[in-house]
Amino acid sequence: MSDATPTQTATPDSKQNERVPEPCIVVIFGASGDLTKRKLLPALFHLKQQNLLPEQFSVVGVARRDLSATFAADMQDGIIKGGGVDAGDSTLKPFMDKVKYFATNFDDDEGYEKLKAFLADLDAQFGTKGNRLFYLAVAPEFFADIAQRLAKHGMTKAQADGHFVNVIIEKPFGTNLESAKKLNTEINKVLKERQIFRIDHYLGKETVQNILVFRFGNGIFEPIWNRNYIDHVEITAAESIGIEGRGPFYEAAGALRDVLQNHVMEVLSFVAMEPPDSFAAGAVRVEKLKVWKAIDPIPVEDTVRGQYAAGTVDGQGVIGYRQEDRVNPESSTETYAAMKLSIENWRWAGVPFYIRAGKRLAKRITEVTVVFKQPPLHLFKGNADDSKVQPNILKMRIQPDEGISLTFGAKIPGPTTNVKPVEMHFSYADAFGKSSANGYERLLLDAMLGDGTLFAEREGVETTWALMTPILEAWAANPPKDFPNYEAGTWGPACADELLKKDGRKWYKL
Ligand code: BG6
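Right, let's walk through the structure included here.

Calculation criteria
- Residues numbered from 1 in each chain as written.
- Predicted model: local features only at pLDDT ≥ 70, side-chain atom pairs only at ≥ 80, totals over all residues.
- Heavy atoms only, no water.
- Helix = DSSP H or I, 4+ residues; strand = E, 2+ residues; numbered from the N terminus.
- Rg over C-alpha atoms; globule rule 2.2 N^0.38 Å.
- Buried < 20%, exposed > 50% of the residue type's maximum accessible area, 1.4 Å probe, protein only.
- Contact = heavy atoms within 4.5 Å.
- Areas by Shrake-Rupley, 256 points an atom, 1.4 Å probe, with all protein chains shown as cover.
- Lys, Arg positive; Asp, Glu negative; His and termini not counted.
- Charge placed at Lys NZ, Arg CZ, Asp CG, Glu CD.
- Near = heavy atom within 4 Å.
- Polar contact = N/O pair within 3.5 Å; in protein donor to acceptor, adjacent residues only side chain to side chain.
- Nonpolar A, V, L, I, M, F, W, Y, C, P; charged D, E, K, R; others polar.
- Pairing = 2+ DSSP bridges.
- Axes fitted to C-alpha atoms, helices over the stretch in contact; angles between N-to-C directions.
- Parallel < 35°, antiparallel > 145°, perpendicular 65-115°, else oblique.
- Left-handed = near helix turned anticlockwise from the far one by under 90°.
- Expected span 1.5 Å × (residues − 1).
- Bend = angle between axes of the 7 residues up to and from the residue.
- 1 Å grid on protein atoms, 1.4 Å probe; cavity = no way out; pocket = protein on both sides within 12 Å on 5 of 7 lines; lining within 4 Å.
- Points joined across faces, edges and corners; volume = space filled by probe spheres on them.
- Salt bridge = Lys/Arg side-chain N within 4 Å of Asp/Glu carboxyl O.

Considering the overall build of the protein
Counting secondary structure elements, the protein contains 13 helices and 18 strands. For the protein, the C-alpha radius of gyration of 24 Å lies close to 24 Å, the compact-globule estimate for 510 residues. For the protein, the C-alpha atoms occupy an extent of roughly 80 × 50 × 45 Å along the three principal directions. Taken across its 510 residues, the protein has 54% of its residues classed as buried. Excluding contacts between residues fewer than 6 apart, the proportion of contacts in the protein whose partners are at least 24 apart in sequence is 79%. Counting every atom, the protein has about 22200 Å² of accessible surface; 52% of that belongs to carbon and sulfur. Seen as two clouds, the 61 positive and the 67 negative side-chain charges of the protein have centres 2 Å apart.

Brief notes about the site of the ligand
Taken together, the neighbourhood of the ligand is formed by Lys171, His201, Tyr202, Lys205, Glu239, Arg246, Asp258, His263, Lys359, Arg364 and Gln399. Here an oxygen atom of the ligand and a side-chain polar atom of Glu239 are 2.5 Å apart. Here His263 contributes a side-chain N or O atom positioned 2.7 Å from an oxygen atom of the ligand. Considering the ligand on its own, with 400 Å² of exposed area, one finds that the protein chains cover 81% of that surface. Counted by class, the shell around the ligand contains one nonpolar, three polar and seven charged residues.

Looking at the sheet that holds strand β12 (residues 336-342)
With mixed pairing, the eight strands of this open sheet are ordered in space as β8-β12-β13-β7-β14-β15-β16-β17. Every other strand in the sheet has two partners, leaving β8 (303-306) and β17 (418-427) as the edge strands with one partner each. The mean angle between the axes of side-by-side strands here comes to 15°, regardless of whether they run parallel or antiparallel. As judged from the six bridges shared by strand β14 (residues 365-372) and strand β15 (residues 393-399), these two strands associate in the antiparallel manner.

Concerning the packing of helix α9 (residues 281-293) against helix α12 (residues 458-477)
Two numbers describe how α9 lies on α12: the axes approach to 10 Å, and their chain directions differ by 15°. Comparing the axis directions of α9 and α12 gives the class roughly parallel. Considering only the axes of α9 and α12, their crossing is left-handed. Counting all contacts with α9, which are made through Leu289, Trp292 and Lys293, the residues of α12 involved are Glu459, Gly460, Thr463, Thr464 and Leu467. Looking at the contact of α9 with α12, its residues break down into three nonpolar, three polar and two charged.

A word on helix α1 (residues 34-49)
Taking 1.5 Å per residue as the helical rise, α1 with its 16 residues ought to reach 22 Å, and the 22 Å between its terminal C-alpha atoms agrees with that figure. Along α1, the helix axis deviates most sharply at Leu40, where the bend reaches about 30°; the proline Pro42 sits within four residues downstream. Among the residues making up α1, those that are buried are Thr36, Leu40, Leu41, Pro42, Ala43, Leu44, Phe45, His46, Leu47 and Lys48. Remark: Asn51 follows α1 within two positions and exhibits a positive phi of approximately 60°.

Topic: the layout of surface pockets
Quantified by volume, the second largest pocket comes out at close to 240 Å³. Lining the second largest pocket are 15 residues, and of these Arg257, Glu334, Leu472, Trp475 and Ala476 lie nearest its centre. Sorting the residues of the lining of the second largest pocket by element identifies α8 (247-272) and α12 as the ones contributing at least two each. Taken together, the residues that form the lining of the second largest pocket break down as seven nonpolar, three polar and five charged.

Concerning the sheet that holds strand β4 (residues 132-136)
What the six strands build is an open sheet, ordered β3-β2-β1-β4-β5-β6; its pairing is parallel. For this open sheet the edge positions go to β3 (99-103) and β6 (196-198), each flanked by a neighbour on one side alone. Averaged over all pairs of adjacent strands, the angle between strand axes in this sheet comes to 20°, irrespective of strand direction. Direction of pairing for strand β2 (residues 57-63) relative to β3: parallel, over a ladder of five bridges. Within the sheet, the bridge partner assigned to Gly61 lies in β3 and is Tyr101. Along the sheet face, helix α4 (residues 109-126) touches β1 (24-29), β2, β3 and β4 and points at about 165° away from the line of β3.

Topic: the environment of Tyr486
Tracing the sequence through the fold places Tyr486 in strand β18 (residues 486-487). For Tyr486 and Gly204, which are 282 residues apart along the polypeptide, the C-alpha to C-alpha distance reads 31 Å. Ignoring anything within four residues of it in the chain, the contact list for Tyr486 reads Gly306, Gln307, Tyr308, Ala309, Thr335, Tyr336, Lys359, Arg360, Leu361, Gly492 and Pro493. Only 2.7 Å separates the side chain of Tyr486 from the backbone oxygen of Lys359, close enough to count as a polar contact.

Observations concerning the pattern of salt bridges
Following the criterion strictly, the structure yields 31 salt bridges and no others. As a salt-bridge pair, Arg505 and Asp231 come within 2.8 Å of each other at their nearest N and O atoms. Highlighted residues: Arg505 in the segment after α13 (494-501) and Asp231 in strand β7 (residues 230-238), separated in sequence by 274 residues. Glu459 is the salt-bridge partner of Lys293, the closest N and O atoms lying 2.6 Å from each other. Note that Lys293 is positioned in helix α9 and Glu459 in helix α12, a separation of 166 residues in sequence. Each of the salt bridges in this network shares a partner with another, and the network as a whole consists of Lys37, Asp74, Asp77 and Lys81.

So, the pairing of β7
Most of β7 sits out of view: eight of its nine residues are buried. As paired elements, β7 and β14 share eight bridges and run antiparallel to each other. When the bridges of β14 are listed, Ala237 appears paired with Thr366. As paired elements, β7 and strand β13 (residues 352-358) share six bridges and run parallel to each other. Pairing of Ala238 across the sheet is with Gly358, part of β13.

Put into structure tokens, the structure is as follows:
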């Protein structure tokens, strides 16, 4: 296997013209799925619009059904509707001319031989030099098999020094520690770790990346970013949508596997990590790993789960989880999970991190809420409004209305000293304009460039699974008796409030 990788582009703020990848073909397995149309093709087109794709380029969708007649038109529709692109954009047609389709079964060896020849023809046509980015947007049970068949048919080796074959693997990466280890072992048999890009699309979000810039690119926050000044941290990934027709997937997953173990733990690592030496993949990953490794085993008493009943979301009546299509009417799957984590290192010992994720909640909000310690209230004693002296709160809104705000107490104008919390606010849209990017742009680009900074690596995935697996086992051994325990359109089950209440705290209102 060749060790060749393209030049690594390490810094997120490198000049754009330094970040154009080498000529290549992006090959998407599972291209008939929603992700390709809604996210991947629009993201690739956005890169094209910003001149961040090489001229010598092609995209090949691979799936079982024969969609050759309709694939390109369908993808163009996705780019226009999902990508907010003007149908008359003059760069659309030349881009679409490079979008191709190849039908095969994922376990058909002959199909891989034909695919190899198909890609070689495209190399000749477009000058893509044998470089490949394979994207496995398929059900997890196919990940290892596809990687191994690609290897068997000689498609995982870079053709020469300076060339590359990289592979993006979608989530979920395993369903517990054992399965994640097994998957890693299978994939590592045929791919070097640096060829593997385990994607977590949260890391493609500007606001998640901005956590590091906010913390390490400003002088005033880092000195107070620790247990001396911070009381606790909350991370919420709330969704108002339900399971969107994904019954069988969600029944086997649940909120913990679907969102907490990956998206929320990634965000947590950015909030809690020590400054890395650089933004290079190795340096960032080491610091993330240190955070996860410093988390104490999570007692099951510090976890709660919930499942939604029918209710009203955005003024619309919605059915309960157990009534959703292809869901067991007595399902024990959690659509909400929350827990308290303790990071036992010098920076964070004694500062609880409360994390929660759920479906069919009151609104869609992903936010990090950093609650600072309460100032001494002596000065305000006896003041009618002394309860209004609140701790400072820093909110990093990941989505929607991306931004950062800081609340602090201000004197209410008048002859007495009454205090009211007010908010200082930074909005991404106001500062930089509204963006139609969906987060996959950066990740696809990085994977073409061989930059793994924003991707999960083997040990990281296994470490977060090692933390979560005992909880999943304890939950499975003790099925919930109170499901469904929250109404759709609310903020989750009462036990989630109890979790903070026993520490004398409450979830901050979002
Ligand atoms: C996916 C989960 O990984 O993330 C979905 O499988 C969830 O269940 C989605 O809805 C949330 O992503 P976003 O970007 O909409 O917050």
